[in-house]
Amino acid sequence: MKICCLGAGYVGGPTMAMIAYKCPDITVTVADINEARINAWNSDELPVFEPGLDDVVSAARGRNLFFTTDKNKAIKEADIIFVSVGTPTKTYGSGAGKAADLKYIELCARDIAEFSEGPKIVVEKSTLPVRTAEGLKTVLKANSRPGLEFQVLSNPEFLAEGTAIDDLNDPDRVLIGGEEETEAGRKAIATLVDVYANWVPRERILTTNLWSSELSKLVANAFLAQRISSINSISALCERTEANVDQVAYAIGQDSRIGPKFLKASVGFGGSCFQKDILNLVYLCEHFGLPDVAAYWEQVIIMNDWQKRRFSQKIVNTLFNTVNGKRIAMLGFAFKKDTNDTRETAAMYVGRDLLDEQAVLAIHDPKVSPDQIFYDLKEKPTDAEGKPNKQIEICEDPYVATQKAHGLAILTEWDSFKDLDFEKIYENMYKPAFVFDGRNILDHEKLRKIGFEVFAIGR
Ligand SMILES: NC(=O)c1ccc[n+]([C@@H]2O[C@H](COP(=O)([O-])OP(=O)(O)OC[C@H]3O[C@@H](n4cnc5c(N)ncnc54)[C@H](O)[C@@H]3O)[C@@H](O)[C@H]2O)c1
Ligand SMILES: O=c1ccn([C@@H]2O[C@H](COP(=O)(O)OP(=O)(O)O[C@H]3O[C@H](CO)[C@@H](O)[C@H](O)[C@H]3O)[C@@H](O)[C@H]2O)c(=O)[nH]1
């Protein structure tokens, strides 16, 4: 059997690497139009940082895992074609700011139709609005050779960045939606089930109709993000009442009906998926004439935006209502630990707010590149004359970042931050030395003993 995947991003790359690793008899080719990305996948410096990914890729690459820019050949040769391209929020025209932009999906469908010489199973791996498969089938049918058979399956991906390899290796469930009502549909579903069954217990491979599968992905993300916005809303109440949000989260999480996960109050959720997918859900509800349902889910985003803004305002208010010219050390820029991804990271919004207030940012992140940070902050490393940006310094060393700083803000929960020498940091900061722990990861009592003024979320 031959599998190809269009899109070698955060999902396509690791997912296909795992399939190839677990299924030595299947040839897996990952194709992307971005040549630099493909070159990186073929090098020792993979374009995606994920714990354990290097080992999986190096075990399979060249054996039955290949990365290429020749998508047409990959399509032609494959029995199963995964589509794992981006589905960002639309930025133009109708639905701008909410609907998913399906341009890349449609282009893939047109390529698949054009270059297929035999029957194919086309698998939606990207996160898509419910009923996308309908449009996909129409485009495939209208543009392919007469009589060519395409089966469209939905197989959304639930991996989280930073734990992608564990999530792929041992998923809670694999979801496969297809045309349950036809013989050919059931056969296609069974074919994909057999691929995953190489390493996933069969009882964890769920099969549904197409629409349930497409919708379940959006709903899973909406429920997860809703928990974070819910606990973040309570964090504000805790700050007014001397309740401690981590204690509240623990107490409610012990109720087996609520459960302990995804109740960590924070500076706000980020990442490429939660906001985009909820906006997509909101758009769909509006489209299907359900404005009250749309408003209910939109509140999850509104609360998250409020939480991010609340954090930057807290910094400004605490530093005597002005950060103009003051150095603020930002520790962490990625949207969560163990990834170099900064898409929708809370740090970007907090950073932009502080720049508007004319602060000087000294930013340290163990994995995010300086170029990426400047890009996200909509700033340039140098001015027209080549002089370095006066408002932003990127520091490889966290101790350099905190030197002569008025405030230190934790934006990402990197484990290494817990082990910093805070006595040394305290000595080198202006006094009063303020810590704003946007992730509640530091030992606040210890910091207070050293002399810091500590502000945490929900305490
Ligand atoms: N990032 C995650 O953790 C995650 C998890 C689950 C689901 N998803 C979903 O998976 C999809 C992909 O996300 P991602 O984070 O991997 O995106 P990404 O931007 O990292 O990767 C998408 C890749 O597709 C390529 N591409 C675009 N058009 C192409 C074409 N016609 N042929 C071949 N390649 C093409 C791009 O060059 C890019 O490298 C999205 O729908 C996303 O919502 C993402
Ligand atoms: O209790 C929590 C848990 C997470 N977060 C934040 O929420 C964001 C998202 O975290 P996480 O869900 O772990 O990472 P993602 O890679 O965005 O994964 C989500 O989005 C993916 C893309 O759709 C899905 O596949 C995953 O199942 C889903 O967890 C990050 O900023 C986290 O810091 C919190 O603030 N508190």
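Predicted, not measured: the structure shown is a model, and the values here were computed from it. (Residues numbered from 1 in each chain as written. Chains lettered and ligands numbered in written order. Predicted model: local features only at pLDDT ≥ 70, side-chain atom pairs only at ≥ 80, totals over all residues. Heavy atoms only, no water.)

Structural notes on the overall build of the protein chain
Looking only at helices and strands, the protein chain features 17 helices and 14 strands. Taken over C-alpha atoms, the radius of gyration comes to 24 Å for the protein chain, in line with the 23 Å a tight globule of 459 residues would show. The principal-axis extents of the C-alpha atoms in the protein chain amount to approximately 75 × 50 × 45 Å. Expressed as a percentage of its 459 residues, the buried residues of the protein chain come to 53%. (Helix = DSSP H or I, 4+ residues; strand = E, 2+ residues; numbered from the N terminus. Rg over C-alpha atoms; globule rule 2.2 N^0.38 Å. Buried < 20%, exposed > 50% of the residue type's maximum accessible area, 1.4 Å probe, protein only.)

Things to note about the UniProt feature "domain: UDP-glucose/GDP-mannose dehydrogenase C-terminal" (unreviewed entry) in the protein chain
UniProt marks residues 329-444 with the feature "domain: UDP-glucose/GDP-mannose dehydrogenase C-terminal" (unreviewed entry), using the numbering shown here. In this annotation, residues 329-444 is assigned 27% helix and 16% strand; the end-to-end C-alpha distance for the span is 17 Å. (UniProt positions renumbered as here; feature names shortened; annotations may be inferred.)

Details of the environment of Leu 411
Relative to the helices and strands, Leu 411 is located in the loop between β12 (407-410) and α16 (422-428). Residue Leu 411 is classed as buried on the basis of its relative accessible area of 0%. For Leu 411 and Met 18, which are 393 residues apart along the polypeptide, the C-alpha to C-alpha distance reads 31 Å. Leave out the neighbours within four places in its chain, and Leu 411 touches Val 267, Phe 311, Met 330, Leu 331, Gly 332, Ala 347, Val 350 and Arg 439. (Contact = heavy atoms within 4.5 Å.)

Here we look at the site of ligand 1
Taken together, the neighbourhood of ligand 1 is formed by 25 residues, with Asp 32, Arg 37, Thr 87, Glu 161 and Lys 276 sitting nearest. Taking Tyr 10, its main chain carries an N or O atom lying 3.0 Å from an oxygen atom of ligand 1. Contact distances for ligand 1 include 2.9 Å between an oxygen atom and a backbone N or O atom of Val 11. Coverage of ligand 1 by the protein amounts to 90% of the 840 Å² it exposes when considered alone. Per-class residue counts for the shell around ligand 1 are 8 nonpolar, 9 polar and 8 charged. (Near = heavy atom within 4 Å. Polar contact = N/O pair within 3.5 Å; in protein donor to acceptor, adjacent residues only side chain to side chain. Areas by Shrake-Rupley, 256 points an atom, 1.4 Å probe, with all protein chains shown as cover. Nonpolar A, V, L, I, M, F, W, Y, C, P; charged D, E, K, R; others polar.)

What about the pairing of strand β13 (residues 434-437)?
Of the two faces of β13, the one holding Phe 434 and Phe 436 and the one holding Val 435 and Asp 437 are both buried throughout. In this sheet, β13 lies alongside β12 in parallel orientation, the contact comprising 4 bridges. Its bridge partner being in β13, Gly 407 is matched across the sheet by Phe 434. Crossover connection from β12 via α16 to parallel β13: handedness right-handed. Examined bridge by bridge, β13 and strand β14 (residues 453-456) share 4 bridges and lie parallel to one another. Opposite Phe 436, over in β14, you have Phe 455 as the bridge partner. (Pairing = 2+ DSSP bridges. Right-handed = clockwise from strand over helix to strand, strands pointing away.)

Details of unusual backbone geometry
Cis geometry is adopted by the peptide bond preceding Pro 432, which originates at Lys 431 and carries an omega value of -5°. Positionally, Pro 432 belongs in the loop between α16 and β13. Even without being a glycine, Asn 321 presents a positive backbone phi close to 65°. In this structure, Asn 321 sits in the loop between α12 (291-318) and β9 (327-331). Among the residues examined, Asn 321 registers a relative accessible area of 57% and is labelled exposed. In this structure, Gln 358 takes a positive phi of about 70° despite not being glycine. You can see Gln 358 is positioned in the loop between α13 (346-356) and β10 (360-364). Relative accessible area serves as the criterion here: at 45%, Gln 358 is assigned to the partly exposed category.

Concerning the sheet that holds strand β11 (residues 392-394)
Read across the sheet, 6 strands follow the order β11-β10-β9-β12-β13-β14 without closing on themselves; strand pairing throughout is parallel. Only two strands of the sheet have a single partner each, and these edge strands are β11 and β14. Between one strand axis and the next, the sheet turns by 20° as a mean value, whatever way the strands run. As judged from the 5 bridges shared by β9 and β10, these two strands associate in the parallel manner. The residue bridging Leu 331 from the neighbouring strand is His 364, located in β10. (Axes fitted to C-alpha atoms, helices over the stretch in contact; angles between N-to-C directions.)

What to know about the nonpolar core
Ranked by size, the top nonpolar core spans 58 residues in total, and within it Phe 311, Ile 315, Phe 333, Leu 361, Phe 422 and Phe 452 carry the most contacts. Here Phe 422 is in contact with Leu 408, Phe 417, Leu 442, Leu 447, Ile 450 and Phe 452, once residues within four sequence places are set aside. (Core = buried A, V, L, I, M, F, W, Y, C linked by side-chain atoms within 4.5 Å.)

A few points about the domain arrangement of the protein chain
When its domains are assigned, the protein chain resolves into domain 1 (2-200) and domain 2 (304-456). Between the C-alpha centres of domain 1 and domain 2 there is a distance of 37 Å. At the interface, 7 residues of domain 1 touch 9 residues of domain 2. In total, about 680 Å² of surface goes out of reach between domain 1 and domain 2, with carbon and sulfur atoms giving 48% of it. Interface area lost by domain 1 to domain 2 is led by Tyr 10, Phe 49 and Glu 161, which between them contribute 79%. Across the domain 1-domain 2 interface, the total number found is 1 salt bridge. Of the charged contacts, one joins Arg 343 and Glu 161 as a salt bridge, the two residues approaching to 3.5 Å between their closest N and O atoms. Where domain 1 meets domain 2, there are 3 residue pairs in polar contact (both at pLDDT 80 or more). Each residue belonging to the side of domain 1 that touches domain 2 can be placed in one class, and the counts come to 5 nonpolar, 1 polar and 1 charged. (Domains from an automatic or database assignment. Buried area = accessible area lost by both parts, 1.4 Å probe. Salt bridge = Lys/Arg side-chain N within 4 Å of Asp/Glu carboxyl O.)

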